[in-house]
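Tertiary structure, described
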Amino acid sequence: MKRIPVFLTLFLLINLNINCQTKNKHSKNSPEKEVVVPEFNKILDRLKVKGAILIYDVASKTYYSNDFSWAKTGFIPASTFKIPNSIIALETGVAKNDSTIFKWDGEKKWSKNWEKDLTLKEAYHVSCVPCYQEIARKIGYEGMKTYLKKLNYTGMVFDNNTIDNFWLEGDSKITQFQQIAFLKRLHFSELPISKRTESIVKNIMIMEQTNDYVLRAKTGLSVKNGVDNGWYVGYFVVKNKVYFFATNLEPKKGTNRDEFILTRLNATKAAFQNLKILN
C-alpha cells in the first residue's frame, strides 16, 4: 500500500480545517449582530416621535436599530396581540376560518369600522377590539394560558377578570426582540400549530402585496399615564428574502394623535428605504 507524502497530508488537514471554519461561520449557530443606525433617529425626529425601530435581516443575521436599549424594554402588546389571539382562536375552534362572523351588538363603538358584523379577517384589518375581546372570553383563562405557553408567548399577565383586556392595559409586556422572535417562528413554521391555522393567519396578516414585496403586519396602540405607545410589527418578503421588524414609538410633546398613528408605518418604511431594502 502506498504511503501518502507528509506534505500532502498536511495540505489535506489544513484544507479540511479551512472548510470547517467557513462552514461554521455561515452555520445556523453563527452569532447574530447588532448594528446601530443613527439615521433612524433622524427619521423619528422628522416625524416628531421617539422610540426605536428594530429590523432583522435573516440572510445576514443582523439586527438594525437606533436604540437597542429601547428595543429590549417591554411594553404592553396592544393590538399586536391579535396575531397570537387569531392563532389561538383557530386552533381552539373559536373561529372556524377567516370568514367566521362576529356580530355587532348595535352599540356605538370607538371606531365606526367596528359598527357592523365583521369576519375574522375584516376584524383583524380594522383592529376590532370588541371582536377580539369576544374571542378571548370564548377561549377562556385556562385555554389562553395553555396556548400562550405552547406558543412561548411570554410576559402576559392576566386572570379570569382580565381575560378580555390584558393585552390593552395592565402589566403584560413584550419587547421588540420578542415580537420579532415570535414572528420568525410563525413565518418559518416553527410554532406548534396546524398548517391550516398557519396558512390562514399568514393570509390574514397580508397588508400589502406588490410585484416587489409582500408585507404582513399588525399595528398596536395603547395609553398609559396619558402617554400613547404605538406598535408596528411584521415582516417583508422581498424577492425571496425576509426582513422582520418591530417598531415601538411614543409621541413627542405637541404631536397630533392622528399624525402619530400614521408615523408607525411611515417610520418603518423610511427605515427600510434607508437600508436600501425597499425603493
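The structure we're discussing is the one just above.
The sections below set out a description of the structure shown in this document. (Residues numbered from 1 in each chain as written. Predicted model: local features only at pLDDT ≥ 70, side-chain atom pairs only at ≥ 80, totals over all residues. Heavy atoms only, no water.)

A word on the overall build of the protein chain
- Helices and strands together make up the secondary structure of the protein chain, namely nine helices and nine strands.
- Long-range pairs, those at least 24 residues apart, make up 63% of the contacts in the protein chain with a sequence separation of at least 6.
- Carbon and sulfur atoms provide 52% of the accessible area of the protein chain, an area that totals close to 15100 Å². (Helix = DSSP H or I, 4+ residues; strand = E, 2+ residues; numbered from the N terminus. Contact = heavy atoms within 4.5 Å. Areas by Shrake-Rupley, 256 points an atom, 1.4 Å probe, with all protein chains shown as cover.)

Some details on the state of the cysteines
- Inspection of the entire model under this criterion finds one disulfide.
- Covalent S-S linkage joins cysteine 128 and cysteine 131, the inter-sulfur distance amounting to 2.5 Å. An S-S torsion of about 70° defines the bridge between cysteine 128 and cysteine 131 as right-handed.
- You can call cysteine 128 buried: its relative accessible area is 1%. (Disulfide = S-S within 2.5 Å. Buried < 20%, exposed > 50% of the residue type's maximum accessible area, 1.4 Å probe, protein only.)

Comments concerning the nonpolar core
- The biggest cluster of nonpolar side chains holds 58 residues, and the ones touching the most others in it are Met144, Leu148 and Phe166.
- At nine residues, the largest contribution of residues to this core is made by helix H6 (residues 129–150).
- Non-local contacts of methionine 144, meaning those with residues more than four positions away in its chain, are made with Phe81, Asn85, Ile88, Ala136, Ile139, Phe158, Ile163 and Phe166.
- The next biggest cluster of nonpolar side chains, apart from the first, holds 24 residues, and it includes Leu44, Tyr64, Leu215 and Tyr243. (Core = buried A, V, L, I, M, F, W, Y, C linked by side-chain atoms within 4.5 Å.)

Brief notes about the side chain of serine 65
- Note on placement: serine 65 falls in strand S3 (residues 62–65).
- The class of serine 65 is buried, set by a relative accessible area of 0%.
- Engagement of the side chain of serine 65 in a polar contact is seen with the backbone oxygen of isoleucine 53, the distance being 2.8 Å.
- Discounting residues that sit within four places of it in the chain, serine 65 has contacts with Val35, Val36, Val37, Phe40, Ala52, Ile53, Leu54 and Ala71. (Polar contact = N/O pair within 3.5 Å; in protein donor to acceptor, adjacent residues only side chain to side chain.)

A few points about the layout of surface pockets
- Of the volumes computed, that of the largest pocket is approximately 810 Å³.
- Forming the boundary of the largest pocket are 26 residues, of which Trp110, Ser127, Thr219, Leu221 and Arg264 lie nearest the centre.
- The set of elements that each furnish at least two residues to the lining of the largest pocket consists of helix H5 (120–125), strand S7 (213–224) and helix H9 (257–274).
- Here the residues of the lining of the largest pocket sort into 14 nonpolar, eight polar and four charged. (1 Å grid on protein atoms, 1.4 Å probe; cavity = no way out; pocket = protein on both sides within 12 Å on 5 of 7 lines; lining within 4 Å. Points joined across faces, edges and corners; volume = space filled by probe spheres on them. Nonpolar A, V, L, I, M, F, W, Y, C, P; charged D, E, K, R; others polar.)

Let's talk about the environment of leucine 265
- Positionally, leucine 265 belongs in helix H9.
- C-alpha separation for the pair leucine 265 and tryptophan 231, spaced 34 residues apart in sequence, amounts to 9.1 Å.

Structural notes on the packing of aromatic side chains
- Scanning the entire structure with this criterion turns up 21 aromatic pairs.
- Pairing tyrosine 63 with phenylalanine 177 gives two aromatic rings, centres 4.7 Å apart and planes at 50°, and the pair type is tilted. You can see tyrosine 63 sitting in strand S3 and its partner phenylalanine 177 sitting in helix H7 (residues 176–187), a full 114 residues away along the chain.
- Looking at tyrosine 63, the relative accessible area reads 6%, which means it is buried.
- Relative to tryptophan 114, the ring of tryptophan 110 lies with its centre 5.6 Å away and its plane at 40°, an arrangement referred to as tilted.
- By the ring-pair criterion, three or more aromatic residues cluster together here, those being Phe81, Tyr141, Tyr153, Phe158, Phe166, Trp167 and Phe182.
- A cation over an aromatic ring shows up here: lysine 218 above the ring of tyrosine 124, its NZ or CZ 5.6 Å from the ring centre. (Phe/Tyr/Trp six-rings, centres within 6.5 Å; stacked < 30°, edge-to-face > 60°. Lys NZ or Arg CZ within 6 Å of the ring centre and 35° of its normal.)

As for the pairing of S3
- Residues Thr62 and Tyr64 point to one face of S3 and Tyr63 and Ser65 to the other, with burial holding for every one of them.
- Examined bridge by bridge, strand S1 (residues 33–36) and S3 share four bridges and lie parallel to one another. The partner of lysine 33 across the bridge, within S3, is threonine 62.
- In this structure, strand S2 (residues 49–57) lies alongside S3, joined through four bridges in antiparallel fashion. When the sheet's bridge partners are listed, aspartate 57 is paired in S3 with threonine 62.
- Counting the residues in the hairpin turn of S2 and S3 gives four residues, including lysine 61, whose phi is positive at 50°. (Pairing = 2+ DSSP bridges.)

So yeah, pure geometry; function would need other evidence.
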